[in-house]
Amino acid sequence: MKGAIRVVERFYILILLIVCIAFFAIFADRFFTWNNLVNILVQNSYLIIATIGISMIMISSGADLSVSFQIGIVSIVLGKLLTKANVPVVLAILIALALGALLGSINGFCAIKLKVHPMVATMATMTIYQGIAYVWSNSETYFNFPEAFKKIGQGKLFGAIPICVILMVIAVIIGWFLMNKTYFGRFIYSIGGNEEATRLAGVNTKKIRMLIFLVAGLFVGVSAIVLTSRTGSASAGIASDAMFSCFTACILGGISFSGGGGNVLSVILSVLIIGVLSNGIQMMGGSIYVQYIVKGVLLVAAIAYDNFQKDLRLKESAKTS
Amino acid sequence: MSGETALKLNHITKKYPGVIALNDVSFELLKGEVHAIVGENGAGKSTLIKCLCGAITPEEGTIEIDGQTYKGMNPKLSREHGVEVVYQELNLIDGLTVAENVCFGAKYGKLVNFKLLNQKTTEVFEKLNVKIDPKKLVMHLSTAQQQLVEIAKSVSKDVKVLILDEPTAPLTTEDVDVLFDIIRMLKSRGVSIVYISHRLDEIFAITDRVTIMRDGHYVTTLNTADTDRNELIKYMVGRELKDIYPKNEYVTQEPMLELVDVCGNGDKNITLHVNKGEIVGLAGLVGAGRTELARVLFGADKKDSGKIILDGKEVNVKNPGEAIKLGIGLIPEDRKRQGALLNFGIDWNIALTHLPKISKGIVVQDKKVKEEADEFIEKLKIKTPTRNQLVRNLSGGNQQKVVLARTLVNESKLVIFDEPTRGIDVGARAEIYNLLSDLAAQGKAVLMISSDMEELIGMSDRIYALADGKVTGELQKSEFTQERILSLMSME
């Protein structure tokens with residue numbers, strides 16, 4: 001029995017994902033088909049790529065609420081460059097990545113140099129970015145992207161494997177590698193665990209935190225490219241729900257509010273849980289508003305579970321002392 | 001002391017998975033006595049307190065209080081019997097005023113009546129001879145003042161048994177005197193006091209009887225007047241510890257660190273030097289500017305002016321990273337918040353300071369991390385089942401060794417210890433002292449900040465006293481006396 005509980009605790013995200021899939025496989029008609037499952041991966045690839053970046057920020061006990069409109073701005077710039085200015089695709093992509101890194105760095109600047117709490121700093125940049133995105137695009141939507149660009153989100157390798165899923169897998173591998181094998185990743189965890197102690201251990205924590213925001217911005221840039229290409233359109237509000245999903249996935253994936261814990265793989269599984277829920281509800285005929293309700297409940301439940309775990313740990317450590 | 005029993009524990013046993021925290025422990029507290037409980041960390045003192053105040057329920061045994069016998073306490077019941085605990089970790093609410101904290105839980109009418117609260121608090125403070133403004137916010141008090149507020153809070157209730165868990169840890173010598181006056185006053189009112197402390201001289205100064213515990217067992221109870229520190233230590237560690245301070249024979253006359261008129265972070269014109277192979281003590285009250293000086297030297301806080309000369313070269317330390325590169329190591333005062341990363345393993349804690357150095361490109365070489373951890377676990381005799389044991393689960397002494405390992409891994413020339421043995425038990429203290437003197441023997445310079453007079457006198461080759469951000473005196477080893485140090489510390 002104890003062993004079973006431990007397995008559940010360790011793999012609760014995976015188990016939760018399987019339970020969700022099983023539920024919809026039984027109750028939603030067209031859910032459990034190859035096409036639909038691939039579709040879920042394709043639809044959520046941009047979200048997973050963005051969440052890898054956001055999870056780095058959250059593990060270092062930061063936050064980023066501006067992700068939706070970071071994607072919005074990058075998307076619009078891509079739209080302007082590719083459908084109006086006819087810039088070469090490769091150049092447009094490079095500009096998009098640089099822009100992502102810049103927007104991330106602006107968040108970092110506000111949170112670290114100006115010493116505004118990251119939650120508040122990025123709440124401010126969220127509305128700033130939102131404003132910029134709508135003003136710049138005049139609330140327009142851009143269509144007619146070049147074929148080469150659309151391949152990223154719509155193309156398939158060997159006619160079977162969607163390119164955006166491949167990009168997603170590469171991003172996951174890079175994210176996992178960065179977090180677990182490099183000193184950059186170890187610093188992210190140690191800053192989240194105790195920033196002052198990390199600083200006194202000789203780590204330039206401000207520089208590392210700036211770098212985290214920049215790297216996260218790069219991931220968000222890639223995410224914007226994938227999303228814009230897949231939908232074949234660019235608009236300010238293209239990813240307006242992304243922030244909520246990223247945030248929920250990070251918490252569900254075991255990143256504590258105070259930072260320090262969690263790992264990239266659980267966070268990614270959590271994005272898939274949210275993706276499966278959205279898709280499954282749709283298949284059962286639920287509207288987007290039903291999805292909102294379910295996502296909200298999920299967020300509260302995830303935080304409650306996180307607190308429950310913390311209490312448990314406290315009790316255990318009280319026993320040993 | 002009346003000879004009447006205030007409280008009695010009979011054959012208490014408390015088990016946790018894997019350990020027996022208390023094994024058939026009996027303990028009797030008389031009315032109006034100050035009763036010390038001593039023992040190394042893990043001896044079961046904290047568990048005993050938790051049984052007394054009802055935080056936990058023992059499996060076996062009974063608790064007698066006010067003539068009634070209970071199987072176990074609960075927090076409400078123990079309060080009703082007038083048992084109050086002042087824990088090592090303070091339980092004050094930072095954002096409320098001193099008066100609100102002192103009167104917390106008491107209700108005077110429907111709205112908060114600040115005037116009444118302040119008045120009640122002033123009364124309590126007057127009785128205790130505590131000089132703190134009741135209107136101040138707790139967050140604006142020093143740790144020592146907060147400790148006194150915490151005690152006043154317990155006393156403001158109808159306390160019959162007051163349990164003090166390491167009450168002097170954050171206190172300076174002066175504050176300790178205030179605390180002792182409070183204890184004597186309570187005692188004369190018939191309050192029984194359980195006094196837990198690592199500082200043996202305090203036990204001899206204030207307590208009537210002392211109970212010694214070891215590894216969850218009751219060892220013995222002695223009249224304080226009939227025993228001495230050697231006997232206590234013998235009982236505590238189960239062996240005799242003769243002189244725990246090693247002799248340092250490697251002092252040179254070559255300076256490793258020289259400070260000339262260093263100002264900043266509240267310190268003014270600090271001029272001092274530490275020679276190679278020398279252990280220099282910094283004496284002073286809390287707030288005298290010792291920790292502040294250490295942080296300036298380590299680049300954690302800014303220097304305004306003055307020269308820092310390390311090993312013959314003037315250095316400008318901008319941040320801790322640079323300090324480490326220059327060969328300065330700091331073992332901070334607050335081990336848990338500033339020293340070790342509690343949720344990381346020993347291996348990663350040691351590796352943290354120089355991760356880029358043991359990486360290929362940006363990829364950390366796990367093998368090196370492990371080898372290093374093993375090396376230092378062996379060298380410093382860190383007691384742990386595995387190298388990736390979370391530092392949270394280590395004892396204070398072993399946590400300190402992990403932080404020390406970092407300065408060794410970086411081959412520091414100057415090691416600054418801020419309160420090297422705070423909260424560390426007697427046995428582990430001796431080990432830390434040996435490590436300190438090993439550092440000196442290797443020709444390193446050691447700067448030791450300590451509020452433990454005995455440690456300061458025992459370990460230092462030379463002592464500087466600081467007061468109010470200024471150096472007030474320098475003493476050679478032959479001049480060390482508690483009185484001289486104290487008088488320099490309290491100079492204006």
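Residues numbered from 1 in each chain as written. Chains lettered and ligands numbered in written order. Predicted model: local features only at pLDDT ≥ 70, side-chain atom pairs only at ≥ 80, totals over all residues.

Let's talk about the overall build of chain A
- Check the secondary structure of chain A and you find 14 helices and two strands.
- Principal-axis analysis of the C-alpha atoms places the extent of chain A at approximately 65 × 50 × 35 Å.
- Within chain A, buried positions represent 47% of all 321 residues.
- Long-range contacts, defined as pairs at least 24 residues apart, comprise 78% of the intrachain contacts of chain A with a sequence gap of at least 6. (Helix = DSSP H or I, 4+ residues; strand = E, 2+ residues; numbered from the N terminus. Buried ≥ 20, exposed ≤ 12 C-beta atoms within 10 Å, placed from the backbone. Contact = placed C-beta atoms within 7 Å.)

As for the environment of A:Thr127
Residues and elements named next belong to chain A.
- Here threonine 127 lies in helix H6 (residues 118–137).
- Here threonine 127 falls in the exposed class, since 12 other C-beta atoms lie within 10 Å of it.
- Once the C-alpha coordinates of threonine 127 and asparagine 107 are considered, the two residues, 20 residues apart in sequence, prove to be 12 Å apart.

Quick look at the sheet that holds strand S19 (residues 414–418) of chain B
Residues and elements named next belong to chain B.
- Across the sheet, six strands lie side by side as S16-S19-S20-S13-S21-S22; this open sheet has mixed pairing. Both outer strands of the open sheet, strand S16 (328–331) and strand S22 (470–476), are each paired with one neighbouring strand and no more. Each adjacent strand pair in this sheet contributes to an overall mean axis angle of 20°, direction not counted.
- Bridge count between strand S13 (residues 279–283) and strand S20 (residues 445–449): four bridges; the pairing is parallel. Residue leucine 282 lies in a different strand from S20, and its bridge partner there is isoleucine 449.
- On top of the sheet, helix H17 (residues 482–489) reaches S13, strand S21 (462–467) and S22; it is set at about 35° to S21, its chief contact. (Pairing = 2+ DSSP bridges. Axes fitted to C-alpha atoms, helices over the stretch in contact; angles between N-to-C directions.)

Some points on the interface of chain B and chain A
- Taken together, the contacts link 28 residues of chain B with 22 residues of chain A.
- Contributing elements (two or more residues each) for the side of chain B that touches chain A: helix H10 (320–326), helix H11 (335–339) and strand S18 (363–364) of chain B.
- Taken together, the residues of the side of chain B that touches chain A break down into 16 nonpolar, nine polar and three charged. (Nonpolar A, V, L, I, M, F, W, Y, C, P; charged D, E, K, R; others polar.)

Considerations on the confidence of the model for chain B
Residues and elements named next belong to chain B.
- Of all residues in chain B, 96% attain a pLDDT of 70 or more, and the chain-wide mean is 86.
- Looking over chain B, one finds the lowest element-wise mean pLDDT in helix H8 (residues 229–237), namely 79, and the highest in S20, namely 95.
- Prediction confidence for the complex, expressed as pTM and ipTM, is 0.76 and 0.79 respectively. (pLDDT = per-residue confidence, 0-100.)

Overview of the sheet that holds strand S14 (residues 305–310) of chain B
All names here are of chain B.
- Strand order in the open sheet formed by four strands is S12-S11-S14-S15, and the pairing between neighbours is antiparallel. Each edge of the open sheet is held by one strand with a lone partner, namely strand S12 (267–275) and strand S15 (313–315). When the angles between neighbouring strand axes are averaged without regard to direction, this sheet yields 20°.
- Relative to S12, strand S11 (residues 255–264) is paired through six bridges, and the arrangement is antiparallel. Directly across from leucine 257, in S12, lies its bridge partner valine 274.
- Packed on one face of the sheet, helix H9 (residues 290–297) meets S11, S12 and S14 and runs near 70° to S12.

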